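Structural overview
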Amino acid sequence: MSPDSTAIEETREFEFVLRFDSGADELMDVFRRHSSLSLWSSAIFVGGDHMWRLDHAKGTAEALSAFNEVFLDETRCNECFDVDSCETSRTYHVLDSQETSQTIYTLRREISECQSLPNFIRNHVRKGTVFKSRRTDDEYRWRVLYPGSYPIGDVYDQMESHLREGVSLSVSHITSAGNWQAVERIVAELSPEHWRVLNAAASHGYYERPRAVSVADLASILDEPRSTVQYRLRTAEDRIISQFVKHTL
């Protein structure tokens, strides 16, 4: 395919994860301390020397308060993966705020010494990329839709060579693109309480075969009534399965 061609034989999805050691990033430490907290993007754009995006945060009131204190601080960078801090300018606007959720608009200027991941990837792939991201615990997970002819492994190698201390990179998958919005639809339907129960269930082996813990065990771990934990598990599983069947089968 020539550099000026717009024909694309195939689109592929590249999913990778940045993991942050404790103390390596102030914002990611907030996610680590608050298991109910999650942040995912609905739109990310890169053009010229700027990146702008819409993100949706969900968590308890306490978690969101801690998140806002760090994320909305315009003196620090939320996107640095290659340096500890940078002098780029950034602006944040909270567009919608509820007790356990909010939507945030970000506009930041890109500089060579501190690039956001979308800008870094765009500078290599050049055209045709679409981005989604999600943050929970110590993970900053990215999904990138890109023209399938591009050697995306080269981008991975370049990212890995630019990582700052305390940050590691791993590939989740490189596949043909599909069901691009399925995860976001499921995320939107689950409350922080659902996420807390699901996270505990997955972390403690509830979904292993044989199960490592019971609902009663999870209730003890979460210090919640057994009936509450069972109800949240059931409703979360019902929503996940119904969305999966509706949008992927």
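Before reading further, recall that the structure is shown in the block above.
Following the sequence through the fold, Arg143 ends up in strand β7 (residues 139-147). By relative accessible area, Arg143 is classed as buried at 9%. In this structure the side chain of Arg143 is engaged in a polar contact, spanning 3.0 Å, whose partner is the side chain of Glu13.

Now for the packing of aromatic side chains. On inspection of all chains with the given rule, the structure shows 9 aromatic pairs. With centroids separated by 6.2 Å and ring planes inclined at 25°, the aromatic side chains of Phe45 and Trp52 adopt a geometry described as stacked. A residue is classified by how much of its surface remains accessible, and Phe45, at 44% relative accessible area, is partly exposed. Relative accessible area serves as the criterion here: at 31%, Trp52 is assigned to the partly exposed category. On the numbers, 4.8 Å between centres and 25° between planes, the contact of Phe67 with Phe71 is stacked. Here Phe71 and Phe67 lie together in helix α2 (residues 61-71), a separation of 4 residues that amounts to about one turn. Like Phe71, Phe67 is buried. Following the ring pairs from residue to residue traces out a cluster consisting of Phe31, Phe67, Phe71 and Tyr92.

What follows is about the environment of Ala219. Mapped onto the elements of the fold, Ala219 is located in helix α7 (residues 215-222). For Ala219 and Ala200, which are 19 residues apart along the polypeptide, the C-alpha to C-alpha distance reads 9.7 Å. Beyond its immediate chain neighbours, meaning those up to four positions away, Ala219 contacts Glu224, Pro225, Arg226 and Val229.

Tallying each qualifying case throughout the model produces 14 salt bridges. With a shortest N-O distance of 3.8 Å, Arg143 and Glu15 are connected by a salt bridge. Taken together, the positions of Arg143 in strand β7 and Glu15 in strand β1 (residues 11-20) put the pair 128 residues apart, joining distant regions of the chain. Pair check on accessibility: Arg143 and Glu15 agree, each one buried. Between Glu139 and Arg19 there is a salt bridge, with its nearest N and O atoms 2.7 Å apart. Linking Glu139 in strand β7 with Arg19 in strand β1, this pair joins segments that are 120 residues apart in sequence. A residue is classified by how much of its surface remains accessible, and Glu139, at 18% relative accessible area, is buried. Connected through salt bridges with shared partners, the residues Glu13, Glu15, Arg19, Glu139, Arg141 and Arg143 form a single ionic network.

Thresholds applied
- Residues numbered from 1 in each chain as written.
- Predicted model: local features only at pLDDT ≥ 70, side-chain atom pairs only at ≥ 80, totals over all residues.
- Heavy atoms only, no water.
- Helix = DSSP H or I, 4+ residues; strand = E, 2+ residues; numbered from the N terminus.
- Buried < 20%, exposed > 50% of the residue type's maximum accessible area, 1.4 Å probe, protein only.
- Polar contact = N/O pair within 3.5 Å; in protein donor to acceptor, adjacent residues only side chain to side chain.
- Phe/Tyr/Trp six-rings, centres within 6.5 Å; stacked < 30°, edge-to-face > 60°.
- Contact = heavy atoms within 4.5 Å.
- Salt bridge = Lys/Arg side-chain N within 4 Å of Asp/Glu carboxyl O.

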